[in-house]
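Structural characterization, general
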Amino acid sequence: MDKCPCGSDRLWADCCEPVIRAVRPAATAEELLRARYSAYARGEIPFLLQSTHPDHRGDQDEDGIRDWSQNSEWHSLEILDTKAGGPDDAEGQVEFVAQYTHEGERRHHHEIAAFARADGDWKLVKGELVRQKPYVREQPKVGRNDACPCGSGKKYKKCCGA
């Protein structure tokens, strides 16, 4: 008995496996997202294709999905926020970060995923990557010819900037 890759601390057989194997549908958008993450981690490509909304299946690159799934080591899934997507909703969105290693490089995938029901079942409509915000200094940048902020009286380039 192994734990589910989605990070729920539940057993695979009690968590995402029944959704992936079509034993039962995902009750919420978040549950479908967790099942999709587990499908990537376990190489369940047919589920990834089937769990995409029918209106958006033409946008899929099956070979790319297979490569990403099978040639990555999946580390963790963190759910950051959910909006709607409950059992009685028609639409919802889930913000998440997936940690994985691909081609020897550790990466994180931060996305806001939109979901909608199709024939009563939750389906992925689209995902929008969340870009990292640029670093903003709290203090102004010290120029090479400015006085060193340490208080030595020397120019920065001749003191702490050397």
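In this report, we go over the structure that sits alongside the text. These figures come from a predicted structure and were not determined experimentally.

1. Quick look at the nonpolar core
Counting 30 residues, the largest nonpolar core has Cys16, Ile20, Leu33, Phe47 and Phe115 as its most contacted members. Looking at this core, the elements with two or more residues in it are helix H1 (17-20), helix H2 (29-42), helix H3 (45-50), strand S1 (72-84), strand S2 (91-102), strand S3 (105-118) and strand S4 (121-129). The element contributing the most residues to this core is H2, with seven residues.

2. Details of H2
The end-to-end C-alpha distance of H2, which contains 14 residues, comes to 20 Å, matching closely the 20 Å that a straight helix rising 1.5 Å per residue would cover. Most of H2 sits out of view: eleven of its 14 residues are buried. Taken from the residues just after H2, Gly43 is the one with a positive phi, measuring 70°.

3. What to know about the environment of Cys6
One can find Cys6 in the segment before H1. We classify Cys6 as buried; its relative accessible area is 0%. Distance from Cys6 to Cys16, taken between C-alpha atoms, is 7.7 Å for residues ten residues apart in sequence. Residue contacts for Cys6: discarding those within four places in its chain leaves Cys15, Cys16, Arg34, Tyr37, Ser38 and Leu77.

4. Digging into the pattern of salt bridges
Under the definition given, this model contains nine salt bridges. Between Lys3 and Asp9 there is a salt bridge; the shortest N-O distance is 3.5 Å. Look at Lys3 and you get exposed, because its relative accessible area is 55%. Of the residues examined, Asp9 reaches a relative accessible area of 60% and is grouped as exposed. Here Arg21 and Glu17 are joined by a salt bridge, their closest N and O atoms 3.7 Å apart. Here Glu17 falls in the partly exposed class, since its relative accessible area comes to 22%. One salt-bridge network, held together by shared partners, links Glu17, Arg21 and Glu44.

5. Quick word on the packing of aromatic side chains
Under the definition given, this model contains six aromatic pairs. Relative to Trp74, the ring of Tyr37 lies with its centre 5.8 Å away and its plane at 90°, an arrangement referred to as edge-to-face. Remark: Trp74 occurs in strand S1 and Tyr37 occurs in helix H2; sequence separation between them is 37 residues. The same class applies to Tyr37 as to Trp74, namely buried. An aromatic cluster is built from Tyr37, Tyr40, Trp68, Trp74 and Tyr100, whose rings are joined through pairwise contacts. Seen from the ring of Trp12, Arg42 lies directly overhead, with NZ or CZ sitting 4.0 Å from the centre.

The rules behind these values
- Residues numbered from 1 in each chain as written.
- Predicted model: local features only at pLDDT ≥ 70, side-chain atom pairs only at ≥ 80, totals over all residues.
- Heavy atoms only, no water.
- Core = buried A, V, L, I, M, F, W, Y, C linked by side-chain atoms within 4.5 Å.
- Buried < 20%, exposed > 50% of the residue type's maximum accessible area, 1.4 Å probe, protein only.
- Helix = DSSP H or I, 4+ residues; strand = E, 2+ residues; numbered from the N terminus.
- Expected span 1.5 Å × (residues − 1).
- Contact = heavy atoms within 4.5 Å.
- Salt bridge = Lys/Arg side-chain N within 4 Å of Asp/Glu carboxyl O.
- Phe/Tyr/Trp six-rings, centres within 6.5 Å; stacked < 30°, edge-to-face > 60°.
- Lys NZ or Arg CZ within 6 Å of the ring centre and 35° of its normal.

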